[in-house]
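This is what each chain is made of:
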Amino acid sequence: MFVSMIDSMKIAREKGYCVPAISAVDECSLRAVIGAAEKKRSPVILLVMYEDNPDLQYYGRMVQDFAVRATVPVSVVLDHGAEYEHAIAAIRAGFTDIMVDRSSLSYEENVAQVKELVKIAHAVNVGVEAELGHVGFGGDLSQNVFTVPEEAVSFVQETGVDALAVAIGTSHGQYQGVHQLQFELLKELREAVPVPLVLHGGSGTGDDNLRKACQMGICKLNIAYEVYRGALGAVTSEEFKNIPGAEYGMYAFMAEGIEKVAMHTMDICGSTGKV
Ligand SMILES: [Zn+2]
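None of these values were measured; they are calculated from a predicted model.

Caption draft 1: The sheet that holds strand E2 (residues 44-48), seen in detail. An order of E1-E2-E3-E4-E5-E6-E7-E8 is seen for the 8 strands of this closed barrel, with the pairing classed as parallel. Mean inter-strand twist for the sheet, computed between neighbouring axes without regard to direction, equals 25°. Summarising the sheet, strand E7 (residues 197-199) and strand E8 (residues 218-223) pair through 3 bridges and their orientation is parallel. Each bridged residue has a counterpart across the sheet, and for Val198 the counterpart in E8 is Lys220. Contacts from helix H6 (residues 149-159) reach strand E5 (127-132) and strand E6 (163-166), with the element oriented near 150° to E5. Packed onto the sheet, helix H8 (residues 207-215) meets E7 and E8 and runs at close to 145° relative to E8.

Here is the structure:
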């Protein structure tokens, strides 16, 4: 089933779970992540950034091919989508959704640029996620700007966006220690904002924190760094190195590492068994 992530998120919001959004950027990771979703009977969103795979046209075709054969709902979103041209390319490539991340710009500029792409995307039934506040990178919490609930409400109204990524204390990539999530802020956002909420920078946030965030109204949880770590860990493990001719099994081991992270994320999201 090839569906917009917005449809999956709306069902999740209603039923009180979260849809896992897992980095899948080529055939190896794509097969692993969809395989995990089928084993777990979970909906899934594939995350791909332009930088991960600039050949959006071909990747879009490949995803469609796999997604229509899948027995669980599969969506694909252009993650972060910093450039206007990349957003258009993703729409043209058949992506079900785009993220338009203008969170490092001023509120007014963020609204203006997101609004323009919402108009284009909605004309061809593509969903749009934007970000308000800012989720920083690499554990540098000084980059973070928490989302303000009143601003979030007007942002959604002004842009017509379908889903909103919020900054409540996570950060992208490798992180030292465990994130301190602002659950009180999440509660306020969940009550005030009419569209499903998204959490970026889930890797390294701690299972208990993430489980709680999903239960409290996060409807899409982005996991990327952990996926890469899972793949790398699988092919640098002693178990792998000790297999004679292990090199020939490299892709299979990587896929297994990715699948493990994806399945674990589905359990945390509470999406296991929901299809
Ligand atoms: Zn992100």
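Having seen it, we continue.
Caption draft 2: Main features of helix H1 (residues 5-15). Of the positions making up H1, those classed as buried are Met5, Ile6, Ser8, Met9 and Ala12. The arc enclosing the buried residues of H1, seen along the axis, measures out at 155°, which places them on a common side. Looking at H1, the residues exposed on the side facing more than 90 degrees away from the buried face are Glu14 and Lys15. Two or three places before Ile6, at the start of H1, stands the capping residue Ser4, its side-chain oxygen 3.1 Å from that residue's backbone nitrogen. Once H1 ends, the next one or two residues include Gly16, with phi positive near 80°.

Caption draft 3: Just the pairing of E2, in detail. Among the 5 residues that make up E2, 5 are buried, leaving the element largely enclosed by the rest of the structure. In this sheet, E2 lies alongside strand E1 (residues 19-23) in parallel orientation, the contact comprising 3 bridges. If you follow Ile22 over to E2, its bridge partner there is Leu46. Each parallel crossover has a hand, and for E1 linked through helix H2 (residues 27-40) to E2 it is right-handed. Here 5 bridges tie E2 to strand E3 (residues 74-78), and the two strands are oriented parallel to one another.

Caption draft 4: View of the nonpolar core. In this structure, Leu46, Tyr59, Phe95, Ile98, Phe155, Leu164 and Leu221 are the most contacted members of the largest nonpolar core, which totals 71 residues. Not counting the four nearest positions on each side in its chain, Leu164 is found in contact with Ala130, Glu131, Leu132, Ala152, Phe155, Val156, Val193, Val195, Pro196, Leu197 and Val198.

Caption draft 5: Fine view of the side chain of Arg102. Note that Arg102 resides in the loop between strand E4 (97-100) and helix H5 (107-123). Among the polar contacts listed, one links the side chain of Arg102 to the backbone oxygen of Ala82, at a separation of 3.2 Å. Beyond its immediate chain neighbours, meaning those up to four positions away, Arg102 contacts His80, Gly81, Ala82, Glu83, Tyr84, Asn110, Gln113, Val114 and Leu117.

Caption draft 6: Focus on the pairing of E3. Summarising burial for E3: 5 of the 5 residues are buried, a large majority. Because side chains alternate across E3, one face comprises the buried residues Val74, Val76 and Leu78, and the other comprises Ser75 and Val77, equally buried. Direction of pairing for E3 relative to E4: parallel, over a ladder of 2 bridges. Of the residues in E4, the one forming a bridge with Val77 is Asp97. Each parallel crossover has a hand, and the one from E3 via helix H4 (residues 84-92) to E4 is right-handed.

Caption draft 7: Structural context of the environment of Ile11. Take Ile11: it is sitting in helix H1. Residue Ile11 is classed as partly exposed on the basis of its relative accessible area of 43%. In the structure, Ile11 is positioned 208 residues away from Cys219 in sequence and 9.1 Å away in space, judged by C-alpha atoms.

Caption draft 8: Fine view of a negative patch on the surface. Taken together, the side chains of Glu108, Glu109, Glu150, Glu151, Glu158, Glu184 and Glu188 present a region of like negative charge at the surface. Secondary structure elements with two or more residues in the negative patch: H5, H6 and helix H7 (183-192). Of the residues forming the negative patch, the biggest block, 3 residues, is contributed by H6. Here Glu158 shows up in helix H6.

Rules used throughout
- Residues numbered from 1 in each chain as written.
- Predicted model: local features only at pLDDT ≥ 70, side-chain atom pairs only at ≥ 80, totals over all residues.
- Heavy atoms only, no water.
- Pairing = 2+ DSSP bridges.
- Helix = DSSP H or I, 4+ residues; strand = E, 2+ residues; numbered from the N terminus.
- Axes fitted to C-alpha atoms, helices over the stretch in contact; angles between N-to-C directions.
- Contact = heavy atoms within 4.5 Å.
- Buried < 20%, exposed > 50% of the residue type's maximum accessible area, 1.4 Å probe, protein only.
- Arc of directions from axis to C-beta.
- Polar contact = N/O pair within 3.5 Å; in protein donor to acceptor, adjacent residues only side chain to side chain.
- Right-handed = clockwise from strand over helix to strand, strands pointing away.
- Core = buried A, V, L, I, M, F, W, Y, C linked by side-chain atoms within 4.5 Å.
- Patch = residues over 30% accessible without salt bridge, like charges linked within 9 Å, V, L, I, M, F, W, Y side chains within 5 Å.
- Areas by Shrake-Rupley, 256 points an atom, 1.4 Å probe, with all protein chains shown as cover.
- Salt bridge = Lys/Arg side-chain N within 4 Å of Asp/Glu carboxyl O.
- Lys, Arg positive; Asp, Glu negative; His and termini not counted.
- Charge placed at Lys NZ, Arg CZ, Asp CG, Glu CD.

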